[in-house]
Amino acid sequence: MLIKFTLENWLSFSGSEEFSMIASREKQHGTRVPKVAKYQMRILPIAAIYGGNASGKTNLFKALNFVKNLIVKGTQPDATIPVETFKLDAKSIDQPTEFKFELLINDLIYEYSFAVDWKSVIREKLTLINSSSEKVLFDRYEGLPHFDTSLEKDEFLAFAFRGTRDNQLFITNSVSQRVHNFRPIYDWFKDCLELVAPDFRFEAFEQFLDEGHPLYSTMNQMIPMLDTGITHLGGEDISFDNLPLPDAIRTKLQEEIAEGMTVRLVVQPSNERLVVTRKSGELTAKKLVAFHNTKNGGEVQFEIRHESDGSQRIIDLLPAFLEISAKKSHKVYVIDEVDRSLHTLLTRRLIEGYLQSCSNESRSQLLFTTHDALLMDQSLLRRDEMWVAERDQFGASHLIPFSEYEDVRYDKDIRKSYLDGRLGGIPKILLSGSLISNEIK
């Protein structure tokens, strides 16, 4: 689980800004807030981030995406690190960008941080936090590693560090060198943190094609309840030779797909979802299709590209919501513009479905950005689960939880206060109606 995330000197974030998922003392919706008894801590299962355009919401999402890519994919030799610093202050441009995470992994809390500029890793540190003490597992600065005493005599660990390039994180290289000491951190970013952009086509759609998949029946039971007109989703067998793919991709698939291996494809611009599998030496393919009822009680098949953008968005998001709703899920989904192309009641229904699955024992989380003020409802979300991104007069973004506002009571119409501008995070529209009209003329 994500406990805290701090960033500094990244895009519109100038100074250090902390985003915390630690629950306040608020009792509202308390039965669905996960508890970590070992640390006497409660961690929120959900967070909504509001704010006007260019307030910094998407830049927070981009920061998480940058960190995940830098850790999981790493850098090429002699390549620059694609940091994007705060550019509205000349002093910030050449300063390092810093990130810090506090994570709950297998009932242990780790703090992992690093500072980078475009050419190198300035500092990198990993700390194991126990209930009563802290242990710095490694601290990399001035080009040297400083290991905990329990690791100092590990010669292979020192060897792995010597092979770490200046533009590479030690966490990343240690995993590539088969050092398992710090693998939990790497695996969290690789396997637990899932980022969904507004135009992202979720890859797990093959669950709609496989009748044997554990979520197949659940998803197809939910689809008709979301008022898309779709009764269920399924797969249509198509010849591999007839796939709408460029020759280069077709050849690559033929060369790289091994026996029993399955590859997902999303073909643009049609948004066709395809699954290609090699079975008995032959490549077979299925494409995702939708079914609708006809007047006479029959059924007709639709191509996915013929469905509305909202229906396609639901198809993309539903597997994610079901995955984090599973009892043993440890996934953390971060969705930028969760409400894109969705009616507010549909968005709310998806969120409600997830929250109904949450309990004191849950370990999954959902973070999302949104402009949908109708979701700003204390019957749905706690005050500490709602945040606002606000840009100050110097263009720097700040993150503020609604729980910090003293006048926001548990029984207050928080939406009205927000739209009235008392909580910040709304567009500062400077042009009057008459001025706009005159400009048009």
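These numbers were taken from a predicted model, which means no experiment stands behind them.

Asks: Tell me about the environment of His343, and please be specific about residues and values.
Replies: With respect to the element layout, His343 can be found in the loop between strand E17 (332-335) and helix H9 (344-357). Taking relative accessible area as the criterion, His343 reaches 49% and is therefore assigned partly exposed. As a C-alpha pair, His343 and Leu64 span 279 residues in sequence and 27 Å in three-dimensional space.

Asks: Any chance you could break down helix H3 (residues 155-162) for me, citing the residues and the numbers?
Replies: Turning to H3, its buried residues number three or more, namely Leu157, Ala160 and Phe161. In a view along the axis of H3, the buried residues occupy a sector of 100°, so they form one face of it. For H3, the exposed residues set more than 90 degrees away from the buried face come down to Glu155 and Arg162. Of the surrounding elements, those touching the buried residues of H3 are strand E9 (134-141), strand E10 (144-147) and helix H4 (170-176). N-cap assignment for H3: the residue whose side-chain oxygen lies 3.2 Å from the backbone N of Phe156 is Asp154.

Asks: Can you lay out the pairing of strand E14 (residues 272-279) for me, pointing to particular residues and giving the numbers?
Replies: The buried fraction of E14 is high, at six of eight residues. Two elements, strand E13 (residues 262-267) and E14, share six bridges in a ladder whose sense is antiparallel. Bridge assignment links Arg264 to a residue of E14, and that residue is Val275. Linkage of E13 to E14, two consecutive antiparallel strands, is achieved through a turn of four residues, within which Asn271 is found at a positive phi near 65°. Two strands pair when backbone bridges link them, and E14 and strand E15 (residues 282-293) are joined in this way by six bridges, in the antiparallel orientation. By the bridge assignment for E15, Lys279 is matched with Glu282. From the end of E14 to the start of E15, which pair antiparallel, there are two residues, and Ser280 there has a positive phi angle of about 55°.

Procedures and definitions
- Residues numbered from 1 in each chain as written.
- Predicted model: local features only at pLDDT ≥ 70, side-chain atom pairs only at ≥ 80, totals over all residues.
- Heavy atoms only, no water.
- Helix = DSSP H or I, 4+ residues; strand = E, 2+ residues; numbered from the N terminus.
- Buried < 20%, exposed > 50% of the residue type's maximum accessible area, 1.4 Å probe, protein only.
- Arc of directions from axis to C-beta.
- Contact = heavy atoms within 4.5 Å.
- Polar contact = N/O pair within 3.5 Å; in protein donor to acceptor, adjacent residues only side chain to side chain.
- Pairing = 2+ DSSP bridges.

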